[in-house]
Number of protein chains: 2
Amino acid sequence: MPAPVDPTNLSIRQKMEELIRRKQKEIVAALETQEGNKFRADTWSRGNDGGGGTSCVIQNGTTIEKGGCNVSVVHGTLTPEAIKAMKNDHKDLNLPIDEATGLPKTDGVKFFACGLSMVIHPHNPHCPTTHLNYRYFETWNPDGTPQTWWFGGGADLTPSYLYDEDAEFFHKTHKDALDKHDKELYPRFKKWADKYYLITHRGETRGIGGTFFDDFNEKDPEEILKICEDGFDAWIASYIPIVAKRKDMEFTEEQKQWQAIRRGRYVEFNIMYDRGTQFGLRTPGSRVESIMMTLPVHASWLYDHHPAPGSEEERLIKATTVPREWA
Amino acid sequence: MPAPVDPTNLSIRQKMEELIRRKQKEIVAALETQEGNKFRADTWSRGNDGGGGTSCVIQNGTTIEKGGCNVSVVHGTLTPEAIKAMKNDHKDLNLPIDEATGLPKTDGVKFFACGLSMVIHPHNPHCPTTHLNYRYFETWNPDGTPQTWWFGGGADLTPSYLYDEDAEFFHKTHKDALDKHDKELYPRFKKWADKYYLITHRGETRGIGGTFFDDFNEKDPEEILKICEDGFDAWIASYIPIVAKRKDMEFTEEQKQWQAIRRGRYVEFNIMYDRGTQFGLRTPGSRVESIMMTLPVHASWLYDHHPAPGSEEERLIKATTVPREWA
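Worth saying up front: this structure is predicted, and the values here are computed from it rather than measured.

### Quick word on the overall build of chain A
Phase 1 of the analysis: Within chain A, the regular secondary structure consists of 9 helices and 9 strands.
Phase 2 of the analysis: The C-alpha atoms of chain A give a radius of gyration of 20 Å, which matches the 20 Å a tight globule of 327 residues would have.
Phase 3 of the analysis: Seen through its C-alpha atoms, chain A measures out along the principal axes to roughly 60 × 45 × 40 Å.
Phase 4 of the analysis: When burial is assessed residue by residue, chain A has 62% of its 327 residues classed as buried.
Phase 5 of the analysis: The long-range share in chain A, meaning contacts at least 24 apart out of those at least 6 apart in sequence, stands at 73%.
Phase 6 of the analysis: With an accessible surface of roughly 12700 Å², chain A has 53% of that area assigned to carbon and sulfur atoms.
Phase 7 of the analysis: Separation of charge centres in chain A, based on 41 positive and 49 negative side chains, amounts to 0 Å.

Written out as structure tokens, the structure is:
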């Protein structure tokens, strides 16, 4: 699709911002049905740069050890580092490479980005960590003409202990939401998630996957907005029942320790590979605490640790080294 | 200095390997004087690629929560990603940039690298984490002629609670060792450490610094070998007495929690910025467990956490945001 021109452009931007602000409220309300404490909302702005956001965060709740649901709406000038971090293949964003730095030349390129990003780390090791994100980007040429636009996003599940029924339910709910739009989307986004959520140096995915897409502008933007909205709803419809089922299960100290090791892997992924983290930390004026909010209260690294053969811990590892078809 | 030719070349390589293997034994023996348990040695090889190493690791010791002292001696073909990760400014390593990837073209470039890397995380929050590394690199052209060579390394201290006397002693001991060779080295390597050990997105250094240098080939290689040897000895002479003084101090649960938060910052630095980690994870056939051994048993991230004004915790933060002159 060609880059949309104003005012259509503005309108999609406004609609996406309205959508993510509305979904932030719904998600927080849905999570609070399973939680004795309330999320705390922090509103922040980018100082001299454009935009800001609202971070809704909970820490040491009754169910959630740490969780955050952030909305950010930012605009300004892109740094070469930020472009490089967010770049997948953005075919419409052909920037020349600076030979001296190996980074794209971005002189005068302006951007607008808005998105909702969420990570929930429950206390109970039987209750999976989850991540959800939908975002919209636009860039303009120095002369103010639109350059390109795209959507990205997805949701995934990171259990410490694998319940096949949870994985199947999570994937099936997201598949149903995507099938309504186009039956080719789920297989494609599921495969993309298995590739994206890979901790390359470990040869393991961080969890049992879900959906992921980026640089998506091959449908009408109004329809992609609806795909994002249905994605938010599919996450609420699938994750909340899993929390209700798992949050009060009994667990041992050893299981909690295993959860901390798995959260160490989560940290490795988020700090080394997550495109949102990389982009955020390289965008001048972005709020570090809202980006690092995805990191857990407890993470652990044990030297050369391997679960016992035949154990539940080993079963999880197997599901992260050979991605399965869950729906 | 021009790249040395064989057999001088080989000889420095052999001498550096001999030095790091000897210092590995001395360092482990020195640490064991403060520790009730023994380090465990794992020897590994790079499989089909060249080289291997020995990792001496301890976990849940009486003094050391986790620590490792690794020697690695590897050689083979460089990947563009590894070159990019290890590159500081290597002025003699002029590789053309591939416009498609933004990475250096490395076709046929061979390398040899050997080094000792060590990180020690003690249990006691009053006892600082430390890191030590000295390494030697060589590269050759596809026709087998020597291309360039350099040394790198340094040592630093990462306290959770700041004892000025420890910081002064650590820096003074390293300064004395460098002053013997050239009085310009300590000021230069100290400043380089303050710049290198910076967690850019936090605007904090990971600790109170020490020494750091890279791409160093401006002195006779025999003298640089001696600078490395004296660096190893300065680390032993300064760190072991600090451990002896701090390892049995009383501490509270809150202090242990603060240590976990600081170790979260350590994880951020090592995964995002540490050149050794970046280089290692991008070198095919390298041993992930020996690289990730630097990560702590416990790390914690609390949302928007700030120490109380006037507290010891705040005093530490101040020393990491405005580096001080310690010697």
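### With respect to the pattern of salt bridges
Residue and element names in this part refer to chain A.
Phase 1 of the analysis: In this structure the tally under the stated criterion is 76 salt bridges over all chains.
Phase 2 of the analysis: In this structure, Asp42 and Arg287 form a salt bridge, with 3.6 Å as the shortest nitrogen-oxygen distance. Separated by 245 residues along the polypeptide, Asp42 in strand S1 (residues 40-45) and Arg287 in the loop between helix H7 (275-281) and helix H8 (288-292) bring together distant segments of the chain. For the residue pair Asp42 and Arg287, the accessibility class agrees, reading buried in each case.

### Considerations on the sheet that holds strand S2 (residues 50-59) of chain B
Residues and elements named next belong to chain B.
Phase 1 of the analysis: Ordered in space as S1-S2-S3-S4-S5-S6-S9, the 7 strands form an open sheet in which the pairing is antiparallel. Edge strands, defined here as strands with exactly one partner in the open sheet, are strand S1 (40-45) and strand S9 (210-216). When strand polarity is set aside, the average angle formed by the axes of neighbouring strands in this sheet is 5°.
Phase 2 of the analysis: Looking at chain direction, strand S5 (residues 129-140) and strand S6 (residues 146-158) are connected through 12 bridges and run antiparallel.

### Quick word on the relation of the copies chain A and chain B
Phase 1 of the analysis: Once chain A has been moved 0.0 Å along the axis and rotated by 180°, it coincides with chain B to within an RMSD of 0.0 Å. Here the two chains are linked by the operation of a two-fold rotation axis.
Phase 2 of the analysis: Comparing interface residues between copies, 100% of those in chain A also lie at the interface in chain B; the contact surface is shared.

### Focus on the interface of chain A and chain B
Many authors give the size of an interface as the accessible area that is lost as the parts come together.
Phase 1 of the analysis: Of the residues lining the interface, 34 residues belong to chain A; the matching set on chain B comes to 35 residues.
Phase 2 of the analysis: Carbon and sulfur atoms make up 57% of the surface buried where chain A meets chain B, a total of about 3300 Å² over both sides.
Phase 3 of the analysis: Area buried by chain A at its contact with chain B is led by Glu289(A), Trp301(A) and Tyr303(A), which between them contribute 25% of it.
Phase 4 of the analysis: Inspection of the region where chain A meets chain B yields 6 salt bridges.
Phase 5 of the analysis: Between Asp304(A) and Arg287(B) there is a salt bridge, with the nearest N and O atoms lying 3.4 Å from each other.
Phase 6 of the analysis: There are 19 residue pairs in polar contact (both at pLDDT 80 or more) connecting chain A and chain B.

### Some details on the pairing of S5(B)
All names here are of chain B.
Phase 1 of the analysis: Of all 12 residues in S5, 12 are buried, a share of seventy percent or more.
Phase 2 of the analysis: On S5, burial covers both faces: Thr129, His131, Asn133, Arg135, Phe137 and Thr139 on one face and Thr130, Leu132, Tyr134, Tyr136, Glu138 and Trp140 on the other are all buried.
Phase 3 of the analysis: Once strand S4 (residues 110-122) ends, the chain turns through 6 residues before running back antiparallel as S5.
Phase 4 of the analysis: Counting the residues between successive antiparallel strands, the hairpin from S5 to S6 contains 5 residues, one of them, Gly144, with a positive phi of roughly 90°.

### Some words on the packing of helix H6 (residues 253-272) of chain A against helix H6 (residues 253-272) of chain B
Phase 1 of the analysis: Two numbers describe how H6(A) lies on H6(B): the axes approach to 10 Å, and their chain directions differ by 55°. The orientation of H6(A) with respect to H6(B), classified from their angle, is oblique. In terms of crossing hand, the pair formed by H6(A) and H6(B) is right-handed. Of H6(B), the residues touching H6(A) (which contributes Val267(A), Glu268(A), Ile271(A) and Met272(A)) are Val267(B), Glu268(B), Ile271(B) and Met272(B).
Phase 2 of the analysis: Of the residues belonging to the contact of H6(A) with H6(B), the class tally is 6 nonpolar, no polar and 2 charged.

### Describing the sheet that holds strand S5 (residues 129-140) of chain A
Backbone-to-backbone hydrogen bonds pair the strands of a sheet. The strands run either parallel or antiparallel.
Residues and elements named next belong to chain A.
Phase 1 of the analysis: With antiparallel pairing, the 7 strands of this open sheet are ordered in space as S1-S2-S3-S4-S5-S6-S9. Strands at the two margins of the open sheet, each flanked by one partner only, are S1 and strand S9 (210-216). Ignoring strand direction, the axes of neighbouring strands in this sheet form an average angle of 5°.
Phase 2 of the analysis: Note that strand S2 (residues 50-59) and strand S3 (residues 64-77) share 10 bridges and pair antiparallel. Across the sheet, residue Val57 finds its bridge partner in S3, namely Gly68.
Phase 3 of the analysis: Where helix H3 (residues 164-179) meets the sheet, its contacts fall on S5, strand S6 (146-158) and S9, and the angle it forms with S6 comes to roughly 150°.
Phase 4 of the analysis: Running at roughly 15° to S6, helix H5 (residues 221-246) makes contact with strand S4 (110-122), S5, S6 and S9 of the sheet.

### Examining the packing of aromatic side chains
Phase 1 of the analysis: Considering all chains together, one arrives at 32 aromatic pairs over all chains under this definition.
Phase 2 of the analysis: Taking 5.4 Å as the distance between ring centres and 65° as the angle between the ring planes, the aromatic pair formed by Phe213(A) and Phe216(A) counts as edge-to-face.
Phase 3 of the analysis: Judged by its relative accessible area of 1%, Phe216(A) falls in the buried class.
Phase 4 of the analysis: Considering the side-chain rings of Phe189(B) and Phe213(B), the 4.6 Å spacing of their centres and the 20° angle between planes classify their relative orientation as stacked. Placement of Phe189(B) in helix H4 (residues 185-196) and of Phe213(B) in strand S9 is noted, with a sequence separation of 24 residues between them.

### Some points on the side chain of Lys23(A)
Residues and elements named next belong to chain A.
Phase 1 of the analysis: Considering the arrangement of structural elements, one finds Lys23 in helix H1 (residues 8-32).
Phase 2 of the analysis: The class of Lys23 is buried, set by a relative accessible area of 2%.
Phase 3 of the analysis: Not counting the four nearest positions on each side in its chain, Lys23 is found in contact with Leu116, Glu229, Phe232 and Asp233.

### Some thoughts on the pairing of S4(A)
Residues and elements named next belong to chain A.
Phase 1 of the analysis: Most of S4 is tucked away: 11 of the 13 residues are buried.
Phase 2 of the analysis: Both S3 and S4 contribute to a ladder of 13 bridges, which runs antiparallel. Residue pairing in the sheet places His75 in a bridge with Phe112 of S4.
Phase 3 of the analysis: Sheet analysis places S4 next to S5, joined by 11 bridges and oriented antiparallel. The partner of Ile120 across the bridge, within S5, is Thr130.

### Re H3(A)
Structural remark: α-helix, 3.6 residues per turn; residues separated by three or four positions point the same way.
Residue and element names in this part refer to chain A.
Phase 1 of the analysis: Taking 1.5 Å per residue as the helical rise, H3 with its 16 residues ought to reach 22 Å, and the 22 Å between its terminal C-alpha atoms agrees with that figure.
Phase 2 of the analysis: Along H3, the residues classified as buried are Asp166, Ala167, Phe170, His171, Thr173, His174, Ala177, Leu178 and Asp179.
Phase 3 of the analysis: Here the buried face of H3 lies against S5, S6, helix H4 (185-196), S9 and H5.

### Brief notes about the state of the cysteines
Phase 1 of the analysis: Inspection of the entire model under this criterion finds 0 disulfides over all chains.
Phase 2 of the analysis: The cysteine Cys127(A) is free of any disulfide, with Cys69(A) supplying the nearest cysteine sulfur at 16 Å.
Phase 3 of the analysis: The thiol of Cys69(B) is not disulfide-bonded; the next cysteine sulfur, from Cys56(B), is found 6.1 Å away.
Phase 4 of the analysis: Classification of Cys69(B) by relative accessible area gives buried; the value is 0%.

### Quick notes on helix H5 (residues 221-246) of chain B
Phase 1 of the analysis: For H5(B), spanning 26 residues, the distance from its first C-alpha to its last is 37 Å, which sits close to the expected 38 Å at 1.5 Å a residue.
Phase 2 of the analysis: Two to three positions downstream of the cap, the backbone nitrogen of Glu222(B) sits 2.8 Å from a side-chain oxygen, assigning the N-cap of H5(B) to Asp220(B).

### Remarks on the confidence of the model for chain A
Phase 1 of the analysis: On average, chain A scores 90 in pLDDT, and the residues at 70 or more come to 91%.
Phase 2 of the analysis: For this predicted complex, the interface score ipTM comes out at 0.89, alongside a pTM of 0.90.

Rules and cut-offs
Position numbers for residues count from 1 along each chain, tracking the sequence in the order it is written. Labels are handed out in written order, letters beginning with A for the chains and numbers beginning with 1 for the ligands. This being a predicted model, a pLDDT of at least 70 is required before a residue's local features are given, and a value of 80 or more before pairs of side-chain atoms are given or counted; all residues contribute to the totals for chains, interfaces and linings. No hydrogens and no water enter the side-chain calculation; it runs on all heavy atoms of the structure. Helix and strand assignments come from DSSP, with helices taken as H or I runs of at least 4 residues and strands as E runs of at least 2, each series counted from the N terminus. Radius of gyration: C-alpha atoms only; globule rule: 2.2 Å multiplied by the number of residues to the exponent 0.38. The buried label applies to any residue whose accessible area, calculated with a 1.4 Å probe on protein chains only, is under 20% of its type's maximum; exposed applies above 50%, and partly exposed to all values in between. Contacts were defined at the residue level, with two residues in contact if any of their heavy atoms lie within 4.5 Å. Method for areas: the Shrake-Rupley scheme with a 1.4 Å probe, in which residue coverage is limited to the protein chains shown. In this tally, Asp and Glu contribute negative charge and Lys and Arg positive charge; neither His nor the terminal groups of the chain are included. To locate a charge, take atom NZ for lysine, CZ for arginine, CG for aspartate or CD for glutamate. Take a side-chain nitrogen of Lys or Arg and a carboxyl oxygen of Asp or Glu: if they are within 4 Å of each other, that pair is a salt bridge. Here the rule is simple: two strands pair whenever DSSP picks up at least two bridges between them. The convention used is that axes are lines fitted to C-alpha atoms, helices contributing only their stretch in contact, and that angles between N-to-C directions extend from 0 to 180 degrees. Least squares is the method for superposing the copies, and the C-alpha atoms it fits come from residues with pLDDT of at least 70 in both. By buried area we mean how much accessible surface two parts lose on assembly, using a 1.4 Å probe and totalling the loss over both. Identification of polar contacts relies on pairs of N or O atoms within 3.5 Å, with a donor-acceptor requirement for protein atoms, meaning one able to donate a hydrogen and the other able to accept it, and with residues adjacent in sequence counted only if both atoms are side-chain atoms. For classification purposes, an angle smaller than 35 degrees is called roughly parallel, one larger than 145 roughly antiparallel, one from 65 to 115 roughly perpendicular, and anything else oblique. The handedness criterion is simple: a crossing whose near helix is rotated anticlockwise from the far helix by less than a right angle is left-handed, and one whose near helix is rotated clockwise is right-handed. Each residue receives one of three labels: charged for Asp, Glu, Lys and Arg, nonpolar for Ala, Val, Leu, Ile, Met, Phe, Trp, Tyr, Cys and Pro, and polar for the others, Gly being one of them. Stacked, tilted and edge-to-face are the three classes assigned to paired rings of Phe, Tyr and Trp, where Trp is represented by its six-membered ring and a pair needs centres within 6.5 Å; plane angles under 30 degrees give stacked, over 60 edge-to-face, the rest tilted. Multiplying one less than the number of residues by 1.5 Å gives the expected span of a helix. Disulfides are defined as cysteine sulfur pairs within 2.5 Å. pLDDT is defined as a per-residue confidence score from the predictor, taking values between 0 and 100.

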